[in-house]
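Reading the structure
Chain residues, written in single-letter form:
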2 protein chains.
Amino acid sequence: MPSSHWTTWAWILLLPGCAMGWPKQSSSARSDIRDCTTSPPFLPPMVTDTSAQLNALRQRMQFYNISAYIIPATDAHMSEYIAERDARLAWISGFTGSAGTGVVTTKKAVLWTDSRYWTQAERQMDCNWELQKTIWTDTIGEWLLQEIPAGENIGLDPFLFSIDLWNSYARVLQGSRRTLVPIEDNLVDLVWGTQRPPLPTSKIYLLPETFTGSTWQEKVSGIRRQMEQHYRSPTAVLLSALEETAWLFNLRGDDISYNPVFYSYALLTTSDISLFVDSSRLSTEALQSLRAQCPGPLCVQVEEYDQVRARVQAYAQGDVRVWIGTEYTTYGLYGVIPQDKLVESSYSPVMMTKAVKNAKEQALLRVAHVRDAVAVIQYLLWLEKNVPKGSVDEFSGARYVDKLRREKEHCRGTSFETISASGLNAALAHYSPSNISSRKLSVDEMYLSDSGGQYLDGTTDITRTVHWGEPTPFQKEAYTRVLMGNIDLARLVFPSETSGRVVEAFARRALWEVGLNYGHGTGHGIGNFLSVHEWPVGFQSNNVPLVKGMFTSIEPGYYQEGEFGIRIEDVALVVEAQTKHGAGEKAYLTFEVVSLVPYDRNLIDISFLSEHQIQYLNTYYETIRQRVGPELQRQQLEEEYEWLRRNTQPFSRGTLVAASLGTLAITSLVSALLPDRQA
Amino acid sequence: MPSSHWTTWAWILLLPGCAMGWPKQSSSARSDIRDCTTSPPFLPPMVTDTSAQLNALRQRMQFYNISAYIIPATDAHMSEYIAERDARLAWISGFTGSAGTGVVTTKKAVLWTDSRYWTQAERQMDCNWELQKTIWTDTIGEWLLQEIPAGENIGLDPFLFSIDLWNSYARVLQGSRRTLVPIEDNLVDLVWGTQRPPLPTSKIYLLPETFTGSTWQEKVSGIRRQMEQHYRSPTAVLLSALEETAWLFNLRGDDISYNPVFYSYALLTTSDISLFVDSSRLSTEALQSLRAQCPGPLCVQVEEYDQVRARVQAYAQGDVRVWIGTEYTTYGLYGVIPQDKLVESSYSPVMMTKAVKNAKEQALLRVAHVRDAVAVIQYLLWLEKNVPKGSVDEFSGARYVDKLRREKEHCRGTSFETISASGLNAALAHYSPSNISSRKLSVDEMYLSDSGGQYLDGTTDITRTVHWGEPTPFQKEAYTRVLMGNIDLARLVFPSETSGRVVEAFARRALWEVGLNYGHGTGHGIGNFLSVHEWPVGFQSNNVPLVKGMFTSIEPGYYQEGEFGIRIEDVALVVEAQTKHGAGEKAYLTFEVVSLVPYDRNLIDISFLSEHQIQYLNTYYETIRQRVGPELQRQQLEEEYEWLRRNTQPFSRGTLVAASLGTLAITSLVSALLPDRQA
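Read on for a plain summary of the structure. Please read these numbers as outputs of a predicted model, since none were measured by experiment.

What follows is about the overall build of chain A. Each helix and strand counted, chain A has 23 helices and 28 strands in total. Viewed in the frame of its principal axes, chain A has a C-alpha envelope of about 95 × 70 × 45 Å. Burial statistics for chain A: of 679 residues in total, 62% are counted as buried. Sequence-distant contacts, at least 24 apart, represent 73% of the contacts inside chain A between residues at least 6 apart. For chain A, the computed accessible surface area is about 24700 Å², with 50% contributed by carbon and sulfur atoms.

So, about the packing of helix H15 (residues 359-386) of chain B against helix H16 (residues 394-406) of chain B. Two numbers describe a pair of packed helices, the interaxial angle and the distance between the axes. All names here are of chain B. With their axes 9 Å apart at the nearest point, H15 and H16 run at an angle of 145 degrees to one another. Handedness of the crossing formed by H15 with H16: right-handed. Side by side, H15 and H16 meet where Asp372, Ala375, Val376, Gln378, Tyr379 and Trp382 of the first sit next to Gly397, Ala398, Tyr400, Val401, Leu404 and Arg405 of the second. Each residue belonging to the contact of H15 with H16 can be placed in one class, and the counts come to eight nonpolar, two polar and two charged.

Right, let's talk about helix H17 (residues 473-490) of chain A for a bit. With 18 residues, H17(A) extends 25 Å from end C-alpha to end C-alpha; this agrees with the ideal 26 Å at 1.5 Å per step. For H17(A), the tally of buried residues reaches 15 of 18 residues, placing the bulk of the element in the interior.

Residue and element names in this part refer to chain A. The strand order across the open sheet built from six strands is E12-E11-E10-E8-E13-E14, with neighbouring strands paired in mixed fashion. On the outer flanks of this sheet lie strand E12 (300-303) and strand E14 (342-345), each paired with one strand and no other. Ignoring which end each strand starts from, the neighbouring axes of this sheet average 20 degrees apart. As defined by bridge partners, strand E13 (residues 322-325) adjoins E14 across four bridges and the pair is classed as parallel. Pairing of glycine 325 across the sheet is with serine 345, part of E14.

Right, let's talk about the environment of Gln560(A) for a bit. Residue and element names in this part refer to chain A. With respect to the helices, strands and loops of the structure, glutamine 560 is situated in strand E25 (residues 557-560). Along the chain, glutamine 560 and alanine 426 lie 134 residues apart, while their C-alpha atoms are 8.8 Å from each other. Among all residues touching glutamine 560, those that are not within four sequence positions of it are Ala427 and Phe474.

All names here are of chain B. Taken as a whole and judged by the stated rule, the model has four disulfides over all chains. Across the disulfide from cysteine 36 sits cysteine 127; the S-S distance is 1.9 Å. Measuring the twist about the S-S bond at about -90 degrees, one finds the cysteine 36-cysteine 127 disulfide to be left-handed. With cysteine 36 in the loop between helix H2 (18-21) and helix H3 (51-63) and cysteine 127 in the loop between helix H5 (118-124) and strand E4 (129-132), this pair connects stretches of sequence that are 91 residues apart. When its relative accessible area of 30% is taken as the criterion, cysteine 127 is described as partly exposed. There is a disulfide in this structure between cysteine 294 and cysteine 299, and the S-S distance comes to 2.0 Å. The S-S bond linking cysteine 294 to cysteine 299 shows a torsion near 85 degrees; that makes this disulfide right-handed. Judged by relative accessible area, which is 26%, cysteine 294 ranks as partly exposed.

Each value, and the rule that gives it
Along every chain, residues carry numbers that run from 1 in the direction the sequence is written. Chains and ligands are labelled by the order in which they are written, letters from A for the one and numbers from 1 for the other. Selection of residues for local features in this predicted model requires a pLDDT of at least 70, selection of side-chain atom pairs for listing and counting requires 80 or more, and totals for whole chains, interfaces and linings are taken over all residues. For the side-chain quantities, the full set of heavy atoms in the structure was used; hydrogens and water were omitted. Numbered from the N terminus, helices here are DSSP runs of H or I no shorter than four residues, and strands are runs of E no shorter than two. Here the term buried applies to any residue with accessible area under 20% of the maximum for its type, exposed to any over 50%, and partly exposed to those in between, with areas from a 1.4 Å probe on protein chains only. Residue contacts are counted whenever heavy atoms from the two residues lie within 4.5 Å of one another. To be clear on the numbers: accessible area is Shrake-Rupley with a 1.4 Å probe, and residue cover counts the displayed protein chains and nothing else. For helices, the fitted line uses only the C-alpha atoms of the stretch in contact; every axis is such a line through C-alpha atoms, and the angle between N-to-C directions lies from 0 to 180 degrees. The hand of a helix crossing depends on one turn: near helix anticlockwise from the far one by less than a right angle means left-handed, and clockwise means right-handed. Under the scheme applied here, ten amino acids are nonpolar (Ala, Val, Leu, Ile, Met, Phe, Trp, Tyr, Cys and Pro), four are charged (Asp, Glu, Lys and Arg), and all others, including Gly, are polar. Expected helix span is taken as 1.5 Å per residue step, with the number of steps being one fewer than the number of residues. Each pair of strands is called paired provided DSSP finds at least two bridges between the two strands. Pairs of cysteine sulfur atoms within 2.5 Å are identified as disulfides in what follows.

Keep in mind that these numbers describe shape and distance, not what the molecule does.
Right, dumping it as structure tokens:
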């Protein structure tokens, strides 16, 4: 699915042509969104009254002498998905979208969010809240400059802002005599009080060795080697992102939906290892694993979660240098380390190492994708049979594919909330159906399914768009051009360490050519039983260069407002390419697609495809047959096997010739020759 | 020609696959480069002894209590090309390349430069100087950390470092207890003394209205409008780059070779305009133009060049906000403006406005390119006739094409030192021949000519690579793939405000596919009778997004070390594209190539080209015929006209069919039908 990390969506709004690819909200009278212009205002039923919590918050603000309070949508670990107890913005505003920033002043309450969420915000917020249709820090800062007089203070919880984000605010306000005040007590939490969901108590468990790429001791040793090799010789690495600790120690938890992580920090020094976590939650096996080599440099000291700041502060008193990733470390932790003891990079060495999967991790992810393909193929066949009967809606479809996945070996649930969108709903890229509002699937509409699973051996994410009836020529052209983009990027050969940002336009070229585009990123990294959006891999400006062993999604799309939406998403592994002239030189790379589900033939207009694209498609289909076919047979899914055979037929040479030449040219050529022959 | 701005070359070394595309220096014994391992060291004849100046510099360093002194290759305006009096690095080290950084410590003298210049550095430097083969600020900083003990000082001239570059050094040294000390007296200048070339005295002249896009008053009013619209309401804009003042006031000078600019600064406030320049050098017309509307807000106060710092400092005492471009403003000027009075952007509004040519500027540049094409066509024909006679060498060729340009209307010289490189010399992308060493042109070798002119109406820059005999299949393939890259980028359709960085890989794809690449940027902006490398337009990460009205070169290449070099360079205008489905929506853009010289048919292997590429080529050739043909006839260059007709013949349909299908496929198809027909 398209990534929705905050760093992603800032970029979305930058994207040229975004306004076209992205559905705009019509302002016509609707019963499902609020109307604050009438008296009394019209509020849809889902809206909650936020007056009480806003009043209480403003009293706290007065106490702290601040004129504005900024409330982000993330947690202390800069997580994309957050637990209920961290959903402060949702609690104070009613808005539950994953990206947004709230600002409460003495008189106003304003939410900034991106285009995906404008409608949702108007559905969920009452008229205490104003909606601002952008997500740029700069525009929030400019708004603050207008609203807050010089000499006054703006409050923030320093543990909810990364250093980079904090600095962005500081830059806009610089020299303006408005002061950013870090307030360590979170004011929303103070108001939320006992109503705030408690800390999780579920077990944190050890991932069996079968499913890990290396032991945690090997991983720790590797990170320590990187510390030694760094020119500033850091004496410690501080880990703040939840994926970092989960990956490093081969532990998993379920503190956050869809993401098998747990609240924690770690401080890894040259001689010690501290894991900050609620120790009572560690399973016996987990604790044994962490303590197996105690005492010694590979002994993990388990310390309480909320002790991290004091511990880092104490550590930083010594003759030390602490290596941090500025994208994931909060200003609150950063602030306790003296400037001259900081070693900064955008991402920590753990984040960077995790991004490159070793041979075993690659093998695990590949296998998970075969299993996942079976579920998706079962679902596509089921849809083919049931949609014409009129018995499937978006919600029941989503539930069905989720069920198919859950039945698979090693499955631990879905990797995100399944997107199941029919007709015009698919034009909203992050639409998820609910039990209450769910559109019936029909042979007269396109249908988009974006779903993924969490398996012990890998995380998956795949989107297929289908049509069971007669698509319009424009729908076929749009689908085919999205597919061309997917293929052009997937088959690209490029030098090692090329930045994804530099090559992602290959996924757009076929659309651009006719004035079409899409308004989201082209792909994101993915974990081994970790996050479905795993940074810092992907195709955006703040992603790191592509190297062998990285996994990324490739997911161009096209969205026609009020009509339909298309996305074709595969997960691909970065592999070495064999080139004609590059032998013996620096490595060239390409992608190996590991998602193994054929595209909808009904939507492909073969005449748009080049010979190279068709060759690529046929080779990919052959791979699907080879890898998924035996698994379907093994599971005795005969009908699915036949479906697979049917849907992976190679595109025929006749079609190929016409397509690559341009139909007219070859037709004239052949007819110039044929008459005599037939005469 | 490939740009060599410092911001460019930092990127070169980043480029994946760079090592392949770029010629490496063999270390075998050669008589033209130094050998510091022998005793006494072997020094080629061009080397000058730098012992005296280094001793003198070290004495000054002692006086200022610094352990290292950093010497950049630029001037106080961050110019790419500099005047002799600013060639401090060349004077102290012997190395005359345009990109490099010198560091002198009490014991060592080290030069950092990029791969283009490694051989040149070994030819020009004596053994006092060590060569470091990188140009990264970070590696210079790391070296300083190793060489300079904690507690000691590193000196710099604050007027020779942009804010951004200064901050890069500061970041690396942060917390290391090595202090960066700004020393306002330039220590090299103190040592250079009276031997340093004097300030220029030549006239600064007014560019006639025929050759300007707008009056300077219109330009000033436009900039003031941007100041009003800026959310921080800057009260002044400070201009430091020489192109900025030249463009804004429609003035030109000849202080720097190839660049018609003059030493100056400007401070443009909401009510006043100050131009800091040696007033005695202004021509009568220039002075009249500047003073025509005095007194008043469009009256230019001429102040002395060296008063700029004091004036900015005095201005910054008031209730003001000064807008600066951080890429071109030096740390020395920046330092006198209080932090809270600074409005920073990467480039000043003048730099940004200049980058987008208005209709008249576009028309002027187009016309200059027709004139320039005539010169290049004359040259190519002359080569065709004279190379087989063995009467042309690189140097005489360069002189001849320069002469052809100078004879053209409105020509004021060449826009850079002509690159004229035969055989293996062309593998050095910035090779220029000299009177002393110049290779004879031969029908057995490829030849690369990269040249451009300064015309009153525009600056040009074009590269053609040719072969008059029998190129090898690999040479043809490499040339054709470079051409494919040129075409693929030139014909790309993309949304307005797409960053050049995002699309430049289209110029590389055809090479990447077979494991080839090139190690320089893909293009750079170009001025109207200004710089041949005009920032901030281009395809690199620090270039600004592409919008309608920008001009950029498109110049992929391929360099085979020790054998040959290929580059195909055109200048192109960013224009609106007509798209099938994009009508009425946000603009899509494409390129209109304004360089009008056909490519070498002898080097094109048509079987590699797609149908679309061939169509593009034929359309481009038709444009060349239409626009250059009449001009050749008008000048009665009949032989050149015939050459043009011959070299712009459309590629035939027969060739096309075979090429787009892959020769084998169509051959089989046709032969499957033909036998019966012929029977």
